[in-house]
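Coordinates in review
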Amino acid sequence: MDVLINVFVGLHIIGIASLLGGFLTQMKAMGAGTARFTPAMLHGAVTMLVTGVALVGLNQADDQTVNNLKIGIKLAILVVILGLVYVKRDDEKIEKALFGAVGGLTVANIFIAVLWT
C-alpha cells in the first residue's frame, strides 16, 4: 500500500508543478496584461484533485489518520482554483487580479500542505 500511496503523492506533486509552473511562465505576460490560463494549468488542477481524493481514500484504507479539516480547506481552495481556470480557460486575456489570485491560492495550498502538521 505504501508504494501506491507514494505513486499518488508523486502524481500529486506533478499536478502542483504543472499548475504553478503554468502560472510562473505567465508572470511576465501578467505584468503586460496579456496573461492567460494555459491548458497545463487546467490539467494540473484536475490532476491535483483526482490524486488528492485518491490519497485521502488510500490513507484511510491503510488506517492512517487524516486531518479532515486540513483536507477540507485544501479541497475548497482547489475547487476555487479549478473553477476559475476552467471558466476562463478560453479567454485571450485574464485580469491581473484574477490571475494573481490563482497563483496566490496555489501557493497557499502548497504551504497548507507543508506547514500544517
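Residues numbered from 1 in each chain as written. Predicted model: local features only at pLDDT ≥ 70, side-chain atom pairs only at ≥ 80, totals over all residues. Heavy atoms only, no water.

Going through the model one piece at a time under the given rule, you end up with one cavity of 30 Å³ or more. In this model, the largest cavity occupies a volume close to 40 Å³. Along the walls of the largest cavity sit Ile 16, Met 48, Lys 74, Thr 106, Asn 109, Ile 110 and Ala 113, which together make up its complete lining. Among the elements that take part in the lining of the largest cavity, helix α5 (residues 96-115) stands out by supplying four residues, more than any other. Taken together, the residues of the lining of the largest cavity sort by class into four nonpolar, two polar and one charged. (1 Å grid on protein atoms, 1.4 Å probe; cavity = no way out; pocket = protein on both sides within 12 Å on 5 of 7 lines; lining within 4 Å. Points joined across faces, edges and corners; volume = space filled by probe spheres on them. Helix = DSSP H or I, 4+ residues; strand = E, 2+ residues; numbered from the N terminus. Nonpolar A, V, L, I, M, F, W, Y, C, P; charged D, E, K, R; others polar.)

This part takes up the environment of Gly 21. Summarising the element assignment, Gly 21 is placed in helix α1 (residues 2-25). A C-alpha to C-alpha distance of 28 Å links Gly 21 and Asn 68, two positions 47 residues apart in sequence.

For the structure shown, the criterion picks out two aromatic pairs. Ring centres 5.1 Å apart and planes at 25 degrees place the aromatic pair Phe 23 and Phe 99 in the stacked group. Here Phe 23 is found in helix α1, whereas its partner Phe 99 is found in helix α5, with 76 residues between them in sequence. The exposure class of Phe 23 is buried, given its relative accessible area of 9%. With a centroid separation of 5.3 Å and 25 degrees between ring planes, the pair formed by Phe 37 and Phe 99 is classed as stacked. Here Phe 99 lies in helix α5 and Phe 37 lies in the loop between α2 (27-32) and α3 (39-61), a separation of 62 residues in the sequence. (Phe/Tyr/Trp six-rings, centres within 6.5 Å; stacked < 30°, edge-to-face > 60°. Buried < 20%, exposed > 50% of the residue type's maximum accessible area, 1.4 Å probe, protein only.)

Two numbers describe how helix α4 (residues 68-87) lies on α5: the axes approach to 10 Å, and their chain directions differ by 155 degrees. By the angle class used here, α4 and α5 are roughly antiparallel. Crossing angle aside, the handedness with which α4 passes α5 is left-handed. When α4 is examined against α5, the residues Lys 70, Ile 73, Lys 74, Ile 77, Leu 78, Val 80, Ile 81, Leu 84 and Val 85 are found in contact with a partner set consisting of Leu 98, Val 102, Leu 105, Thr 106, Asn 109, Ile 112 and Ala 113. Along the lines of polarity and charge, the residues of the contact of α4 with α5 split into twelve nonpolar, two polar and two charged. (Axes fitted to C-alpha atoms, helices over the stretch in contact; angles between N-to-C directions. Parallel < 35°, antiparallel > 145°, perpendicular 65-115°, else oblique. Left-handed = near helix turned anticlockwise from the far one by under 90°. Contact = heavy atoms within 4.5 Å.)

Relative to the helices and strands, Thr 51 is located in helix α3. Other than its neighbours up to four places away in sequence, Thr 51 contacts Phe 8, Leu 11 and His 12.

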